[in-house]
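Observations on the model geometry
The chain contents come next:
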Amino acid sequence: MLKIVAAVIGRDLKLAMRRQADIVSALFFFVIVVSLFPLGIGPEPDLLRKLAPGVLWVAALLATMLSLPRLFADDHRDGTLEQLALAPHPLGLVVLGKVVAHWLVSGLPLALLAPVLGLQFDLSADALLVLTGAILLGTPALSGIGGIGAALTLGLRGGGVLLSLLVLPLYIPVLIFGAGAVDATVTGLGPEAHLSLLAALTFAALGFAPWAAAAALKIALE
Amino acid sequence: MNARFHLYHYASPATFYPLAGKLIPVFAALAVVFGLAGLYLGLLVAPTDFQQGEGYRIIFIHVPASWMSMFIYLVMAFWAAIGLAFNTRLSGMMATALAPTGALMAFLSLWTGALWGKPMWGAWWVWDARLTSELILLFLYIGFIALQSAIDDPRRADKAGGVLLLVGVVNVPVIYFSVKWWNTLHQGASVSLTQSPSMATTMLWGMLLMALCFWMYSIAVALMRVRTILLERERHTEWVKEMLAGETK
């Protein structure tokens, strides 16, 4: 069972490594969006410190969205997806593998980059640590929920915009608890509660979302 | 009703279409009756609120609209589940037909809430838990409508919409509680099943009658919409051709 997940992860990572420009452009999108905010609202450190968690998280949501349409589209175009659906393994596990691979190339780099951007917003060391942890914990949920949206909009016109319309409302809990964790650290309340809820969301999303996405894929492939 | 009547009799579009036609006037009439009674109680009989003056009377639109916006989403999810489980055509059409009414109710609830909030709280909009989750509910409705209109094949549109509705309905409590823990300012629920109501009985009756009115209106409008969807999708079948031929004679 785990073999198929590992095989799909390995395959998707290999494909992603051959097209590194895609990964890098999503990361630069993240950097640019975050850097635009101080230009828009002014350089006062107090204000920036207050806005940092929300700005970084919203930028992370948008950067994750950016790479979602390609989650299934390339495999759909060359027929691989139909072969995967015909394989004897449950399609949900295949989707889980693809979701994990998507997280490794989109969520993980965001988490590694976030503390550097957090420095620009004058966040304290504690807050930077929690920010990194929260993005690490929360982005798998984004990939999982996003997988459902990507499967539902597979092959539709205007898929990208539609995808954000479907998925962004479902991202709200992750945004609230992710930004809340950093906020709670800044105000001295402690981030444990927020981080626990974030972890719960991630486990729920990774456990259930691939199956919903698999159902959506089967509808799209009919 | 013959002896062989069974539950799935009206699951067929050909039998459901005339039934819906007969039910629409009933529900429309009920909506008018409940609406008139509710408005009479709400606007003329119910006492003036000692804190909020006459302004509170928007509650007779606001609360029923909010209830219906949530209830319709649940009903849509119910039809979506039935449609995905039993592969019935009519279920998907019901969900499609309900969506615009649900979105309208969510919008009405936000709009009347803003009109009510301005004199009472001094702000058109506050980022309170219930307002925010109602706004997100409106987004979910719009997402559903947008997804369905982007798919040309009606069967795929029904199924994809169904998956989205079920995902949404699982998420609604999560969203609600996350937003609730995030911030809360809205007054507590006005009506609760466990406590005795905190408002005058006439107000409560007015509100319940208005809720019934909105409910009947939603059913009537959804049935009208489902009839047109039925005709559009089944236009190549014999029964539609026969019926249309009969009507034009």
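Residues numbered from 1 in each chain as written. Chains lettered and ligands numbered in written order. Predicted model: local features only at pLDDT ≥ 70, side-chain atom pairs only at ≥ 80, totals over all residues. Heavy atoms only, no water.

**Here's the deal with the overall build of chain B**
To keep it simple, the criterion reads: The helix count covers DSSP runs of H or I at least four residues long, the strand count covers runs of E at least two residues long, and both are numbered beginning at the N terminus. A 1.4 Å probe rolled over the protein chains alone gives each residue an accessible area, and that area as a share of the maximum for its type sets the label: buried under 20%, exposed over 50%, partly exposed in between. In what follows, a contact means two residues having at least one pair of non-hydrogen atoms within 4.5 Å. Where accessible areas are quoted, they stem from the Shrake-Rupley method and a 1.4 Å probe; at the residue level, only the protein chains shown are allowed to cover.
In terms of helices and strands, chain B carries seven helices and zero strands. What you see in chain B, going N to C, is helices and strands ordered as α-α-α-α-α-α-α. The proportion of buried residues among the 249 residues of chain B is 44%. Within chain B, counting contacts between residues at least 6 apart in sequence, those at least 24 apart form 79% of the total. In the structure as shown, chain B presents an accessible area of about 13200 Å², 69% of it carried by carbon and sulfur atoms.

**Description of the pattern of salt bridges**
Residues and elements named next belong to chain A. Selection criterion: By definition here, a salt bridge exists when the distance from a side-chain nitrogen of Lys or Arg to a carboxyl oxygen of Asp or Glu is within 4 Å.
Inspection of the entire model under this criterion finds 14 salt bridges over all chains. In this structure, the salt-bridge partner of Lys 98 is Asp 12, at a minimum N-O distance of 3.1 Å. Placement of the pair is Lys 98 in helix H6 (residues 91–120) and Asp 12 in helix H1 (residues 2–18), with a sequence separation of 86 residues. As far as the burial class goes, Lys 98 and Asp 12 line up, both buried. A salt bridge links Arg 49 to Asp 122; its shortest N-O distance comes to 2.7 Å. Taken together, the positions of Arg 49 in helix H3 (residues 45–67) and Asp 122 in the loop between H6 and helix H7 (125–152) put the pair 73 residues apart, joining distant regions of the chain.

**Here's the deal with the interface of chain B and chain A**
For clarity, the threshold we go by: Classification used: nonpolar for Ala, Val, Leu, Ile, Met, Phe, Trp, Tyr, Cys and Pro, charged for Asp, Glu, Lys and Arg, polar for all others including Gly.
Listed by partner, the interface residues are 25 residues for chain B and 22 residues for chain A. Residue Lys 159 of chain B pairs with Glu 222 of chain A through a salt bridge whose shortest N-O separation is 3.2 Å. Elements that contribute at least two residues to the side of chain B that touches chain A include exactly helix H4 (129–150) and helix H5 (154–182) of chain B. With 13 residues, H5 of chain B is the single largest residue contributor to the side of chain B that touches chain A. Classifying every residue of the side of chain B that touches chain A gives 18 nonpolar, four polar and three charged.

These results come straight from atomic positions and should not be treated as a statement about function.
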